[in-house]
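Okay, here's what each chain looks like letter by letter:
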Amino acid sequence: LDLRQGSINLKKIRYQKRYDETIPLMRYDSRGIHQNPPELGENIIRGPHLHIYKEKYMDKFAIPANDFKEPYNVILSLRKFCEICNIKEISFIQQRNPSTFT
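Since we're looking at a predicted model, the values are computed, not measured.

## Focus on the pattern of salt bridges
Taken as a whole and assessed by the stated rule, the structure comprises six salt bridges. Here Asp29 ties to Arg14 by a salt bridge, and the two come within 2.9 Å at their closest N and O atoms. Of the two residues, Asp29 is situated in strand 3 (residues 23-29) and Arg14 in strand 2 (residues 13-19); the sequence distance between them amounts to 15 residues. The exposure class assigned to Arg14 is partly exposed, which follows from its relative accessible area of 29%. Among the salt bridges present, the one from Asp59 reaches Arg27, with a minimum N-O distance of 2.8 Å. Of the two residues, Asp59 sits in strand 7 (residues 58-64) while Arg27 sits in strand 3, which places them 32 residues apart along the sequence. Each member of the pair, Asp59 as well as Arg27, is classed as buried.

Structural data, given as structure tokens:
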């Protein structure tokens, strides 16, 4: 499971579930525009989207991430991503109190 947040734009979030470290099975992007290969249907997706592994296309296919109610909320979107990926043990998700940062 890879977790990445933009350093300049904090609303840019990316979570990725991989198999064998190199094969991306599922990826969540909170921002951006994605264009599917023409033969895979819905061509252009704007905003939050999920990339789903398809043989021959790897992670080049995406669908709108309509189930992500707060797509820029790091904790809520990570919980939703884990739910979609069937990741049961999510005790690693912890939110720190912002006042503890100096």
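## Observations regarding the pairing of strand 2
As defined by bridge partners, strand 1 (residues 2-5) adjoins strand 2 across four bridges and the pair is classed as antiparallel. Among the inter-strand pairings, Asp2 is bridged to a residue of strand 2, identified as Gln16. Counted between consecutive antiparallel strands, the loop separating strand 2 from strand 3 contains three residues, among which Asp20 sits at a positive phi close to 55 degrees.

Criteria and thresholds
Position numbers for residues start from 1 in each chain and track the written sequence from start to end. Per-residue local features of the predicted model are confined to residues with pLDDT of at least 70, and side-chain atom pairs are confined, for both listing and counting, to 80 or more; whole-chain, interface and lining totals are unaffected and use all residues. The side-chain quantities take in all heavy atoms of the structure and omit both hydrogens and water. When a carboxyl oxygen of Asp or Glu is within 4 Å of a side-chain nitrogen of Lys or Arg, the pair counts as a salt bridge. For the purposes of this entry, the term helix denotes a DSSP run of H or I that reaches at least four residues, the term strand denotes a run of E that reaches at least two, and both are numbered from the N terminus. Burial classes follow relative accessibility: with a 1.4 Å probe on protein chains only, a residue under 20% of its type's maximum area counts as buried, one over 50% as exposed, and anything between as partly exposed. Only strands joined by at least two bridges in the DSSP assignment are considered to pair.

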